[in-house]
Amino acid sequence: MTEIPQTSADYYKKATSFWNYPEVPYGSALRGMVLPTDVVADIGCGIGIVSRYLAAISQRVIAIDKNENAVKVLSEDLDRMGPNNIEVVHARWPEVHTEDWDVAVAFYHHRFGSTSAEIETLLRKTRRSGIVVNQGIRPREGFYEDLGREFGLTEQPESCIGSCYVRGRLEQAGFTVTCTEIFHDFGQPVDSQAEAVAYAMKQLRLEEDQRQRLSEIVLNYVEYVGEQMVLPIKRYNCMLQFYQ
Ligand SMILES: C[S@@+](CC[C@H](N)C(=O)[O-])C[C@H]1O[C@@H](n2cnc3c(N)ncnc32)[C@H](O)[C@@H]1O
């Protein structure tokens with residue numbers, strides 16, 4: 001039997017590999033925007049899954065994240081297996097003091113672009129264009145919502161206001177912006193009931209005394225994608241593409 005991942009980074013690597021993220025669903029948008037000669041900023045890079053993709057299609061990537069642990073995981077992975085064209089920067093956007101870039105990418109970086117300082121920094125440091133992806137307007141579907149209800153956790157309000165607001169700010173700053181709704185099926189692949197329980201405990205931040213109940217019901221909430229058991233996470237996201 002395969003081992004249960006120990007860290008959030010390990011779970012995320014398993015999911016991104018299973019779903020071929022970010023090729024699915026953002027590969028064509030990224031390849032359509034990034035040139036082989038470009039310097040690209042990956043703002044809110046996390047453990048650098050998107051940064052690696054960008055490194056393969058650009059000259060160089062500046063991977064920026066405020067989370068010390070994420071930056072450490074990425075740096076260690078890069079030391080072990082490259083590539084060597086990613087510069088890792090531990091910083092809290094928009095307080096970044098790097099060189100400028102041709103293209104900016106910010107995927108699932110909550111509330112990216114909602115302050116004046118962010119928009120001004122983006123305008124100043126971005127030579128050509130960028131892509132921002134965030135949650136869209138349609139209801140979220142998946143185990144967070146279904147199991148969350150089961151355990152009495154409150155749902156976040158559904159809203160696209162964030163992305164529409166950022167679009168408005170970008171346009172006000174003089175960028176040309178397009179907005180596309182993108183469906184992203186990104187459930188967590190799990191190889192056993194024990195792994196499903198371990199993942200859901202972590203993500204829903206359940207208490208130890210809720211583990212037994214979760215074990216009893218978790219298999220009611222899984223889906224199969226081919227042979228693979230998955231805890232479903234389905235999102236309609238808003239992809240903003242902006243151009244100077
Ligand atoms: C959900 S993760 C997405 C990671 C990556 N973009 C991806 O798509 O795989 C969001 C990341 O944005 C980072 N983040 C959020 N606000 C930030 C800020 N102000 N400056 C830098 N990083 C930030 C978080 O630390 C987290 O690693």
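That block above? That's the structure.
Residues numbered from 1 in each chain as written. Predicted model: local features only at pLDDT ≥ 70, side-chain atom pairs only at ≥ 80, totals over all residues.

Visitor: Is there a simple way to explain the overall build of the protein in this structure?
Guide: When you go through the protein residue by residue, the secondary structure sums to nine helices and 11 strands. A compact globule built from 244 residues would reach a C-alpha radius of gyration of about 18 Å, and the protein, at 19 Å, matches this within 12%. By its C-alpha atoms, the protein is 55 × 40 × 30 Å across when sized along the principal axes. In the protein, which comprises 244 residues, the share counted as buried stands at 33%. (Helix = DSSP H or I, 4+ residues; strand = E, 2+ residues; numbered from the N terminus. Rg over C-alpha atoms; globule rule 2.2 N^0.38 Å. Buried ≥ 20, exposed ≤ 12 C-beta atoms within 10 Å, placed from the backbone.)

Visitor: I would appreciate a short explanation of the site of the ligand in the present structure.
Guide: Around the ligand, 16 residues are found, and the nearest of them are Gly 44, Gly 46, Asn 67, Trp 93 and Phe 107. When contributions to the shell around the ligand are tallied by element, the ones reaching two or more residues are helix 3 (49-57) and strand 2 (60-65). Taken together, the residues of the shell around the ligand break down into eight nonpolar, five polar and three charged. (Near = placed C-beta within 6 Å. Nonpolar A, V, L, I, M, F, W, Y, C, P; charged D, E, K, R; others polar.)

Visitor: Where do I start with the sheet that holds strand 10 (residues 228-231) in this structure?
Guide: Within a sheet, neighbouring strands are paired by backbone hydrogen bonds and run either parallel or antiparallel to one another. Here we have three strands laid out as an open sheet, ordered 8-10-9, and antiparallel in their pairing. Edge strands, defined here as strands with exactly one partner in the open sheet, are strand 8 (188-190) and strand 9 (223-225). Between one strand axis and the next, the sheet turns by 50° as a mean value, whatever way the strands run. Pairing analysis gives three bridges linking strand 9 to strand 10, with the strands arranged antiparallel. (Pairing = 2+ DSSP bridges. Axes fitted to C-alpha atoms, helices over the stretch in contact; angles between N-to-C directions.)

Visitor: What am I meant to see in the environment of Phe 107 here?
Guide: By the element assignment, Phe 107 lies in strand 4 (residues 101-107). Taking the number of C-beta atoms within 10 Å as the measure of exposure, Phe 107 has 22 and is therefore buried. In sequence terms Phe 107 and Pro 36 are 71 residues apart; their C-alpha atoms lie 20 Å from each other. Contacts of Phe 107, omitting those with residues within four sequence positions, involve Pro 22, Val 50 and Val 133. (Contact = placed C-beta atoms within 7 Å.)

Visitor: Explanation requested: the environment of Ala 117 in the structure shown.
Guide: Inspection of the secondary structure puts Ala 117 in helix 5 (residues 116-125). According to the C-beta neighbour criterion, Ala 117 is exposed, with 10 such atoms within 10 Å. It is 29 Å that separates the C-alpha atoms of Ala 117 and Gly 27, two residues lying 90 residues apart in sequence.

Visitor: Before we go on, may I ask you to explain the nonpolar core in this structure?
Guide: For soluble globular proteins, the rule of thumb is that nonpolar side chains tend to be buried together. Among the nonpolar cores identified, the biggest contains 42 residues, and Leu 54, Leu 74 and Val 105 are the most heavily contacted of them. Among the elements that line this core, the one with the most residues is strand 4, at six residues. If sequence neighbours within four positions are ignored, Val 105 has contacts with Val 40, Ala 41, Asp 42, Ile 43, Val 50, Leu 54, Gly 130 and Ile 131. (Core = buried A, V, L, I, M, F, W, Y, C linked by C-beta atoms within 7 Å.)

Visitor: Can you help me understand the packing of helix 2 (residues 23-33) against helix 3 in this one?
Guide: Helix-helix packing is characterised by the crossing angle of the two axes and by the distance between the axes. Orientation of helix 2 relative to helix 3, taken along the N-to-C sense of each, is 35°, at an axis distance of 12 Å. Of the two elements, helix 2 crosses helix 3, and the hand of that crossing is right-handed. Contacts from Glu 23, Leu 30 and Arg 31 in helix 2 reach Tyr 53, Leu 54 and Ile 57 in helix 3. Of the residues in the contact of helix 2 with helix 3, the class split is four nonpolar, no polar and two charged. (Left-handed = near helix turned anticlockwise from the far one by under 90°.)

Visitor: Which parts of the structure should I look at to understand unusual backbone geometry?
Guide: The phi angle of most residues is negative, glycine excepted, and most peptide bonds adopt the trans form. The omega torsion across Val 24 and Pro 25 is 5°, close enough to zero to call that bond cis. For Pro 25, the location among the structural elements is in helix 2. Cis rather than trans, the peptide bond between Trp 93 and Pro 94 has omega equal to 10°. One non-glycine residue, Asn 20, lies in the positive phi region at around 55°. Within the secondary structure layout, Asn 20 lies in the loop between helix 1 (8-19) and helix 2. Judged by the 10 C-beta atoms lying within 10 Å of it, Asn 20 is exposed.

Visitor: It is not clear to me how the pairing of strand 11 (residues 233-243) should be interpreted in this structure. Could you clarify?
Guide: Looking along a regular strand, one sees side chains alternate from face to face of the sheet. As paired strands, strand 5 (residues 126-135) and strand 11 are joined by seven bridges and run antiparallel to one another. Looking across to strand 11, one finds that Val 132 is bridged to Leu 240. Examined bridge by bridge, strand 6 (residues 141-142) and strand 11 share two bridges and lie antiparallel to one another. Paired with Gly 142 across the two strands is Ile 233, which belongs to strand 11. Of the pairings in the sheet, the one linking strand 7 (residues 176-185) to strand 11 comprises 10 bridges and is antiparallel in character. Bridging from a neighbouring strand, Glu 181 pairs with Cys 238 of strand 11.

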